[in-house]
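Examining the three-dimensional arrangement
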Amino acid sequence: LNKAMTRVQKEGWGADVYTGDEAFAKELREKLGFELPLFLELYDSLVWLWRPDVVLRPLSHRFLRGATQLVGRLVAFIKDGLEGSIRFGEVPPPKAAAQKLEDGPVSETGESIPEPEPLPDNSYCWGERLEDVAAVAWELTVLETSLTHDYVEIVAAAIAPVDVSDTNNKS
């Protein structure tokens, strides 16, 4: 998730950071309404925690804690970006302190070499872009709805799976 957030910070909210199965991404888009790849990545990671071949039922409290930390990490990233604590886009590297030579750098022919122009600062606060705010607000709404409905069912099924033979014997 950290790598995905770093790419989103550099490339913007539309950065293709989803690393999961495309069929599952399509299902998440159609069934739940996710659109931004970072949110697809988060939800895919959350669901992955509860797969039968991953979850350890006696440690389910730790898996819940991990899920909470993932969501909290994304929320903190969103909050920091919205408040301008982190900038999005390409931020030029700081100019290195050049050693002052008496006559400055020179070429092989003895001509002085001008210093390169500094790179432009293309960074921005995504909270200032209406389309970004709208897209992230939508994704947060979808995430909240998904976590309180579909995700609860996924977690419950992983922690206390319904055994078909038990339900048939209770008649």
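Residues numbered from 1 in each chain as written. Predicted model: local features only at pLDDT ≥ 70, side-chain atom pairs only at ≥ 80, totals over all residues. Heavy atoms only, no water.

Here we come to the overall build of the chain. Helices and strands together make up the secondary structure of the chain, namely seven helices and zero strands. Listing every helix and strand of the chain by position from the N terminus yields α-α-α-α-α-α-α. Burial status across the chain gives 31% buried among its 171 residues. The long-range share in the chain, meaning contacts at least 24 apart out of those at least 6 apart in sequence, stands at 66%. For the chain, the accessible surface area stands at approximately 11700 Å², while carbon and sulfur atoms represent 56% of it. (Helix = DSSP H or I, 4+ residues; strand = E, 2+ residues; numbered from the N terminus. Buried < 20%, exposed > 50% of the residue type's maximum accessible area, 1.4 Å probe, protein only. Contact = heavy atoms within 4.5 Å. Areas by Shrake-Rupley, 256 points an atom, 1.4 Å probe, with all protein chains shown as cover.)

As a further point, take the confidence of the model for the chain. For the chain, the average pLDDT comes to 85, and 82% of its residues sit at 70 or higher. Under a pLDDT of 50 for its full length, residues 97–101 has, in the predicted model, zero contacts with residues more than four places off or in other chains. (pLDDT = per-residue confidence, 0-100.)

Taking 1.5 Å as the rise per residue, helix 3 (residues 37–48) with twelve residues should run 16 Å; its terminal C-alpha atoms sit 16 Å apart, in good agreement. Summarising burial for helix 3: ten of the twelve residues are buried, a large majority. Listed as buried for helix 3 are P37, L38, F39, L40, E41, L42, Y43, D44, L46 and V47. Looking at the packing, one finds that the buried side of helix 3 touches helix 1 (2–11), helix 2 (22–32), helix 4 (60–83), helix 5 (130–148) and helix 6 (150–159). (Expected span 1.5 Å × (residues − 1).)

Right, let's get into helix 2. Among the residues of helix 2, those classed as buried are F24, A25, L28 and L32. Axial view of helix 2: buried residues confined to an arc of 105°, hence all on one face. Of the residues in helix 2, the exposed ones pointing more than 90 degrees away from the buried face are E22, A23 and E30. Looking at the buried side of helix 2, the elements it contacts are helix 3, helix 5 and helix 6. Positive phi shows up at G33, right after helix 2, with a value of about 105°. (Arc of directions from axis to C-beta.)

Moving on to the pattern of salt bridges. In this structure the tally under the stated criterion is three salt bridges. Where D53 meets R51, a salt bridge forms, and the shortest distance between an N and an O atom there is 2.5 Å. Assessed through its relative accessible area of 36%, R51 is described here as partly exposed. For the salt bridge of E83 with K79, the shortest nitrogen-to-oxygen distance reads 3.4 Å. Here E83 pairs with K79, and both are found in helix 4, just four residues apart, close to one helical turn. (Salt bridge = Lys/Arg side-chain N within 4 Å of Asp/Glu carboxyl O.)

What follows covers the nonpolar core. The biggest cluster of nonpolar side chains holds 40 residues, and the ones touching the most others in it are W13, F34, L38, F39, Y43 and F77. Among the secondary structure elements, those contributing two or more residues to this core are helix 1, helix 2, helix 3, helix 4, helix 5 and helix 6. When residues no more than four places from it in sequence are discounted, the contact partners of F34 are L28, R29, F39, L40, Y43, E139, V142, L143 and S146. (Core = buried A, V, L, I, M, F, W, Y, C linked by side-chain atoms within 4.5 Å.)

Moving on to the packing of helix 3 against helix 5. Packing of helix 3 against helix 5 brings their axes to within 11 Å, and their N-to-C directions diverge by 15°. Of the possible angle classes, the one that applies to helix 3 and helix 5 is roughly parallel. Between helix 3 and helix 5 lies a crossing of right-handed hand. For the pair helix 3 and helix 5, contact is made by F39, L42, Y43 and L46 and by V136, E139, L140, L143, S146 and L147, respectively. Of the residues that constitute the contact of helix 3 with helix 5, the class distribution is eight nonpolar, one polar and one charged. (Axes fitted to C-alpha atoms, helices over the stretch in contact; angles between N-to-C directions. Parallel < 35°, antiparallel > 145°, perpendicular 65-115°, else oblique. Left-handed = near helix turned anticlockwise from the far one by under 90°. Nonpolar A, V, L, I, M, F, W, Y, C, P; charged D, E, K, R; others polar.)

We now examine the environment of V75. Turning to its location among the elements, V75 is positioned in helix 4. Exposure remark for V75: the relative accessible area of 42% places this residue in the partly exposed category.

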